[in-house]
Amino acid sequence: FFSVGSVHKMVVLAAAILTKTGKPLLSRQFVEMSRIRIEGLLAAFPKLMGSGKQYTYLETDTVRYVYQPIETLFLVLITNRSSNIVEDLETLRLLGRLVPEYCPKLEEEDITKKAFELLFAFDEVINLGYRDSMSLEQVKTCLEMDSNEEKMAIAAKEARVKDATAAANAKAKQFSKEKRSAKGGGISSMDTASLLAMAEEATASTTPIVIPDEKPTTTTKSTSSKGGMALGRKGGKEDLVSKMVKAGELEAGSARPAASRAAAAAPVRANVRMDNVHLKSEERISAVLNRDGGFQSVEVKGDMFLTVQASDCASIRVCLNRDSSDAYAWKTHPNINKANWTKDRVLSLKDPSKGFPIGTSLGIVRWRLQNSSSFVPPISVNCWPGDNAVTIEYECENENFVLSNVTIQIPMGGATPDVGDVDCGSHQYDASNDCLIWTIDKIDSDNSSGSMEVNLDSNVDAAAFFPVQIGFYGESCVSGVSVTDVLSNETGLSVSYSTEVVVGVDSYQVV
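Reading guide: rules and limits
- Residues numbered from 1 in each chain as written.
- Predicted model: local features only at pLDDT ≥ 70, side-chain atom pairs only at ≥ 80, totals over all residues.
- Heavy atoms only, no water.
- Helix = DSSP H or I, 4+ residues; strand = E, 2+ residues; numbered from the N terminus.
- Buried < 20%, exposed > 50% of the residue type's maximum accessible area, 1.4 Å probe, protein only.
- Contact = heavy atoms within 4.5 Å.
- Areas by Shrake-Rupley, 256 points an atom, 1.4 Å probe, with all protein chains shown as cover.
- Salt bridge = Lys/Arg side-chain N within 4 Å of Asp/Glu carboxyl O.
- Pairing = 2+ DSSP bridges.
- Axes fitted to C-alpha atoms, helices over the stretch in contact; angles between N-to-C directions.
- Parallel < 35°, antiparallel > 145°, perpendicular 65-115°, else oblique.
- Left-handed = near helix turned anticlockwise from the far one by under 90°.
- Nonpolar A, V, L, I, M, F, W, Y, C, P; charged D, E, K, R; others polar.
- Core = buried A, V, L, I, M, F, W, Y, C linked by side-chain atoms within 4.5 Å.

Check the secondary structure of the protein and you find 10 helices and 27 strands. Counting the 511 residues in the protein, one finds 41% classified as buried. Counted over contacts in the protein with a minimum sequence separation of 6, partners at least 24 positions apart contribute 68%. Carbon and sulfur atoms provide 49% of the accessible area of the protein, an area that totals close to 28,200 Å².

Pasting the structure below:
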C-alpha cells in the first residue's frame, strides 16, 4: 500500500517504444495525459539524447526518461522526477524482457503488428503508474487467458466429431454389406465409393443397371423371362443412393440426375421428332469474359442421353465424331465398352448380345472442358462509350454456331437511354434495374455481328456499362460433339435415329 503522499511521488507516466530517430511506434499512458503533452515529451527525448550526459536515464525540469536500447529501437519509461529510480529500472528490465517475447524480430513492422499484445503486457506490469509484483511467466500466463472450461469444451467437441465419424463409417460398411448381399440389385463392379461420387456429381444415371441372365428365372410361384437390359426393379430393394437419402446422409436434390436439372433450365421445344432411337445432347456453359476479348474463367459440361423405343433397336452402337476429344475430358457409363470408346469413339455395351433398356432415357456419356486455351466463346459483347452516347456491339466468331433467344442486359449507370439505330432484334429499358435489354431471336451466319446505337441524357463512365449479362440457347454443342451414325450390332447396318441438342448458360457475363 502507498501513503497519500507517495501517490504523487512514485509514478510511471507512460511507457513507449521509439526508433532511434525519435519516431514513436507505440505509447501507453498510465495517468491522465493529453495527446499533445505525450507527443511533446516523446519528441523531446531524441534531442536530450544528443547531450550524451547519461546512459540509462535523462532528466528535465518536470520528468525523468528511463530508457534501454533494444537493437535499433528504444524502450522508454517517462516518470516523475521524484519516482524511485531503482524501482523504475526494475520495471524497465521486465518490460525489456517482455518485448522480445512478442516481437522476436524487433523491427518497426513487427512492433506495429504486435502493438496490442505489447500494450496488454505493459498493463499487466504497470497498474495506475505503479509496478505490480509479477514475474515474466505470470504476465505470459495472464495474457494467454488459459481456461479449463474452454479445454473441456474443445475436448467434448472432438469427442462428438470422433463418434460421428465412427458412426458414418459403420453406416457405410452396413450399406456395402447390404449391397453385396442383394440379388441383382446393381452393377457388380460398382463399389460404394463410385456410387457416392456419382451422387455428389449428380450424374446422368444414378440408378444402377442390371443385366439379368440369358436364361429365364424360374421360381416356385411363377415363371418369367427377361431379355436385354433393365433399369432397377420397381418392387425390389432400393439402391444405395436412395437409402442414403432416406437416412439423411444425402440431400434429395443432390442425388437428382443431371438430366432432370438441365431439363428444368432448358427451353421447351415442341414437336421434337423422335425415332425409335433418340439421342439428346445437353450442355451448360458458365463463363466470365473480359471486354478486351479474352476470358477470366470458363466451364462447359455436357451429357448425352439415349432413348430406345423398340426392342429390335436395343442392340446398337452409337458413333460420335472425334473433333473435340483433346480439349474435353470424357466419362462413359460403367456398362459402356471402354476399349471401343477410346479407340473409335463408339458407344457400345460391354456385352454386345445385350440391349439398351427400352423406353428409358439413359445417360451414356458426359464431358467437361479441361483445356480452356482452345475455347472460343459463342458470343462476345462490348460497349463503346462516346459523348452522351454508347454503341453496343456483339460478335459471334464461329458463324456455324447458331444461337436463339439471345438476351443482352447492359447496365446504364443511372442514365436514361434513347435507342437509335439497331441492326437486329428488339430492345426494352428496365428502369427498376437500370438496364437496357437487347433481345435477338436468332443469330447465325446472316447476322453474326451487330450493333445498337444508344443516346444518353448524361455522360457515363465506360466501367458503368459492365458487367454485361448474356443469355442464349445453342442449336449445336460448344464442344462440337455430334452423332455421326447408329449401327445395329446384328446386321452392322445403319439404324434410323433422331437427335436433339439443348445448349444453355448457367452464367455468362462480360466484365
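And the narrative resumes.
What follows is about the pattern of salt bridges. Taken as a whole and judged by the stated rule, the model has nine salt bridges. Lys-23 is the partner of Glu-108 in a salt bridge, and the nearest nitrogen-oxygen pair spans 3.4 Å. Here Glu-108 is found in helix α3 (residues 108-113), whereas its partner Lys-23 is found in the loop between β1 (12-19) and β2 (24-29), with 85 residues between them in sequence. On the basis of relative accessibility, which here comes to 36%, the residue Glu-108 falls in the partly exposed class. In this structure, Arg-64 engages Glu-59 in a salt bridge whose closest nitrogen and oxygen atoms are separated by 3.0 Å. When its relative accessible area of 7% is taken as the criterion, Arg-64 is described as buried.

Taken in spatial order, the five strands make up an open sheet running β2-β1-β5-β4-β3, and their pairing is antiparallel. Looking at which strands have only one partner, the edges of the open sheet turn out to be β2 and β3 (57-59). Adjacent strand axes in the sheet meet at a mean angle of 20°, parallel and antiparallel pairs treated alike. Sitting on the sheet, helix α1 (residues 35-49) touches β1, β2, β3, β4 (63-70) and β5 (73-80), and the angle it makes with β4 is about 65°.

Our focus in this paragraph is the packing of helix α2 (residues 85-102) against helix α4 (residues 115-125). Helices that pack against each other are described as a pair by the angle of their axes relative to one another and the distance between those axes. At their nearest, the axes of α2 and α4 sit 10 Å apart, and the two run at 150° to each other. On the basis of the axis angle, α2 is roughly antiparallel to α4. Regarding α2 and α4, the two cross each other, and that crossing is right-handed. Of α4, the residues touching α2 (which contributes Thr-91, Leu-94, Leu-95, Leu-98, Val-99 and Tyr-102) are Glu-117, Leu-118, Ala-121, Phe-122 and Val-125. Of the residues assigned to the contact of α2 with α4, the class counts are nine nonpolar, one polar and one charged.

With that settled, consider the sheet that holds strand β13 (residues 295-308). Pairing within the open sheet is mixed, and its nine strands lie in the order β15-β17-β13-β12-β27-β25-β20-β23-β22. Of all strands in the sheet, those with a lone pairing partner are β15 (328-332) and β22 (426-430), marking the two edges. Taking the axes of each pair of neighbouring strands and ignoring which way they run, one obtains an average angle of 15° across the sheet. When strand β25 (residues 468-474) meets strand β27 (residues 498-510), the two strands line up antiparallel, connected through three bridges. Opposite Gly-474, over in β27, you have Val-503 as the bridge partner.

Our next topic: the environment of Phe-356. Here Phe-356 is to be found in the loop between β16 (346-347) and β17 (361-369). For the pair Phe-356 and Ile-316, spaced 40 residues apart in sequence, the C-alpha separation works out to 7.9 Å.

In terms of nonpolar packing, the biggest core is built from 69 residues, with Met-304 and Ile-379 touching the most fellow members. Those residues within four positions of Ile-379 in sequence are excluded, and the remaining contacts are Leu-289, Tyr-394, Glu-395, Cys-396, Leu-403, Val-406, Ile-443, Ile-470, Phe-472 and Tyr-508. Ranked by size, the runner-up nonpolar core spans 30 residues in total, among them Ile-17, Ile-70, Leu-77 and Leu-95.

Burial analysis of strand β12 (residues 277-289) places 12 of its 13 residues in the buried class, which makes it a mostly covered element. Sheet topology places β12 next to β13; 13 bridges connect them, and they run antiparallel. Bridging across to β13, Lys-280 finds its partner in Phe-305. The hairpin formed by β12 and β13 contains five residues between the paired strands, and Gly-293 there has a positive phi angle of roughly 110°. Two elements, β12 and β27, share 12 bridges in a ladder whose sense is parallel. For Lys-280, the partnering residue across the bridge sits in β27 and is Glu-500.

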